[in-house]
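Survey of secondary and tertiary structure
Take a look at the letters that make up each chain.
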Amino acid sequence: MNRLVRAELIKARASRATIALGAVAPVFCASWVVLQVIVPAASDADRVANVYNMAQQAYVFTMILGILGMAGEFRHRTITWSFLVTPRRGPVLAAKLIAYGLAGLVIAVLSAAATLVAGLVLLPANGHPALTSGVPAVLAGAVLSTTLYAPLGVALAVLVGSRVVAVVLAALLFMYGDGLLAWLAPEVFRWLPTGAARALGGMRAEGGALLPAWGGGLLFAGYVAVTALAARLLTLRRDVT
Amino acid sequence: MTSISVDHVSKTFGKVVAVDDLSFEAPAGAVTAFLGPNGAGKTTTLRVLLGLVTPTAGEATIGGAPYRELGRPLEHVGAVLESSGFHPGLTAATHLEAVRTAAGLAAARVGEVLDQVGLAGAAHRRTGGFSLGMRQRLALATALLGEPSALVLDEPANGLDPVGMRWLRGFLRAYAHDGNTVLISTHVLSEVERIADHVVIVSAGRLRWSGPPTAGSGLEDLYLEVAG
Ligand SMILES: Nc1ncnc2c1ncn2[C@@H]1O[C@H](COP(=O)(O)OP(=O)(O)OP(=O)(O)O)[C@@H](O)[C@H]1O
Ligand SMILES: [Mg+2]
């Protein structure tokens, strides 16, 4: 098992997509901080929460990282080598989920660090308090949710099979579809994957209230686990031709 | 001794019958050539043998066990498949290092197989820029990583230059002579005549002929007669 995870990490580290996504995600989060510092906020506490919440924005990158890492195996037909080395496919998928969870964690931590630094610099510079006692929980939740999106991406790619379709589907589901539903039916949003992930990251919704962070975290982890399980059942049966 | 046995294997894809009740043996210490027209079911049979495709019926075994039940399979069987690929962003060495790590093999094997297939000079180039023959060499290198006692090769000579062909021929002969098993699918009958000890001819998924390469009438005539 350990060997398989290490092999996956060797491949992930050597891929330019991993490096690019890991480099862009922190910059992206810091850019969102700039915006949150200057837009109006109801209170100083709200502003501080909104600013550090931007660490969550890295989720797009970890999700795409997971999708590319898995879909690339199908696209480039490298999955054949993986299954030749390890004909029992469950461990192959598990190693992929764990390895990309670890890679996602690295990107999540870098992004949270960039968000923190940007907030600590920009908030005081604009005459706002730099921190509140809630900030560590917000950042920790953001790191956890951003990390979990990577194995979610891996599992989605297995289910969908195609890189392009998986990215488009993920964008529709997790970037726009959920947002639209949040607007149409705020009381349902908290039960959806995105609502759960946002709750884990300490976000306060404008419409219906989100679950508490721990509840959102458990629910989101449940969504990831169910998707991974479906992916496992599918990989185990599909012919590799 | 790792002999290969295909035992009443059938495989259908939807309505297409790719392999139809096919049985044959590839004994240890011999090169068995697996021949047949395009679409005859050779690749499908080899994929069934390697546990990548689940047969509709029958079973294929290597040294008596299905591939999926071999512990550390790379140390028993090396495989080159028609369309196995490489991540274009990885170098040859990184690809081999990842496979080696997953298989738990010694670190020195990467350099050894690169030398063996004549790819040492391109070890640190990304595979995205590799020529057809270079990819084929890298696939062979991957197959050899675990020092297996059986090789399953699907058109391995595809794209190899004359030097590569000669190397492969000499290598397979010596390898089989040492008691190892080679099952090789190819369309190059002249090569088969030079290296094969056994010939298996399939067409439309069914066995048409098997035996030693015929003296006298010539392999091409035989092939055209039974497979055409
Ligand atoms: N995944 C698949 N889905 C549907 N049909 C398939 C699939 N794989 C193979 N086939 C069909 O099964 C038959 C046998 O194909 P196969 O690739 O095994 O032939 P082959 O003997 O290797 O041919 P070639 O000499 O051209 O490589 C063909 O009719 C092919 O179209
Ligand atoms: Mg073929």
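Up top is the structure these notes are about.
Calculation criteria
- Residues numbered from 1 in each chain as written.
- Chains lettered and ligands numbered in written order.
- Predicted model: local features only at pLDDT ≥ 70, side-chain atom pairs only at ≥ 80, totals over all residues.
- Heavy atoms only, no water.
- Pairing = 2+ DSSP bridges.
- Helix = DSSP H or I, 4+ residues; strand = E, 2+ residues; numbered from the N terminus.
- Axes fitted to C-alpha atoms, helices over the stretch in contact; angles between N-to-C directions.
- Salt bridge = Lys/Arg side-chain N within 4 Å of Asp/Glu carboxyl O.
- Parallel < 35°, antiparallel > 145°, perpendicular 65-115°, else oblique.
- Left-handed = near helix turned anticlockwise from the far one by under 90°.
- Contact = heavy atoms within 4.5 Å.
- Nonpolar A, V, L, I, M, F, W, Y, C, P; charged D, E, K, R; others polar.
- Buried area = accessible area lost by both parts, 1.4 Å probe.
- Phe/Tyr/Trp six-rings, centres within 6.5 Å; stacked < 30°, edge-to-face > 60°.
- Buried < 20%, exposed > 50% of the residue type's maximum accessible area, 1.4 Å probe, protein only.
- Lys NZ or Arg CZ within 6 Å of the ring centre and 35° of its normal.

1. Concerning the sheet that holds strand 1 (residues 4–13) of chain B
All names here are of chain B. Across the sheet, which stays open at both edges, the three strands sit in the order 2-1-4 with antiparallel pairing between neighbours. Each edge of the open sheet is held by one strand with a lone partner, namely strand 2 (16–26) and strand 4 (57–62). Between one strand and the next, the sheet's axes are offset by a mean angle of 20°, whatever the strand orientation. By the bridge criterion, five bridges tie strand 1 to strand 4 in an arrangement that is antiparallel. What sits directly across from Ser10, in strand 4, is Ala57.

2. Observations regarding the pattern of salt bridges
Taken as a whole and judged by the stated rule, the model has 12 salt bridges over all chains. The closest approach of N and O atoms between Glu75 of chain B and Arg72 of chain B, which form a salt bridge, is 2.8 Å. Salt bridges sharing common partners tie together Glu8, Lys11, Glu73 and Lys96 of chain A.

3. Looking at the packing of helix 2 (residues 92–103) of chain B against helix 4 (residues 132–144) of chain B
Residue and element names in this part refer to chain B. Their axes nearest at 10 Å, the elements helix 2 and helix 4 cross at an angle of 25°. Here helix 2 lies roughly parallel to helix 4, going by the angle between them. Where helix 2 crosses over helix 4, the handedness of that crossing is right-handed. On the side of helix 2, the interface is formed by Ala92, His95, Leu96 and Val99, while helix 4 contributes Leu138, Ala141 and Thr142. Per-class residue counts for the contact of helix 2 with helix 4 are five nonpolar, two polar and no charged.

4. Some remarks on the interface of chain B and chain A
Across the boundary between the two partners, chain B contributes 36 residues, which contact 24 residues of chain A. Of the roughly 2600 Å² buried at the junction of chain B and chain A (both faces included), carbon and sulfur atoms supply 64%. The interface formed by chain B and chain A holds one salt bridge in total. A salt bridge links Lys11 of chain B to Asp239 of chain A; the shortest N-O distance between them is 2.7 Å.

5. Quick notes on the packing of aromatic side chains
Each pair of aromatic rings is reported with the distance of its centres and the angle of its planes. Residues and elements named next belong to chain A. As enumerated under the stated definition, the model contains nine aromatic pairs over all chains in all. Between Phe28 and Trp32, the aromatic rings sit 6.3 Å apart at their centres with planes inclined by 75°, giving edge-to-face as the arrangement. With Phe28 and Trp32 both in helix 2 (residues 16–38) and four residues apart, this pair spans about one turn of that helix. Considering the side-chain rings of Tyr149 and Phe174, the 6.3 Å spacing of their centres and the 80° angle between planes classify their relative orientation as edge-to-face. A residue pair is termed long-range when its members are at least 10 positions apart, and Tyr149 in helix 7 (residues 135–160) and Phe174 in helix 8 (residues 163–184) qualify at 25 residues. Of the residues examined, Phe174 reaches a relative accessible area of 8% and is grouped as buried. Among the aromatic residues, those joined into a cluster by ring pairs are Tyr59, Tyr149, Phe174 and Phe220. One Lys or Arg, Arg198, reaches over the ring of Tyr59 and ends 4.4 Å from the middle of that ring. The ring of Phe74 has Arg238 sitting right over it, with the charged end atom 5.4 Å from the ring centre.

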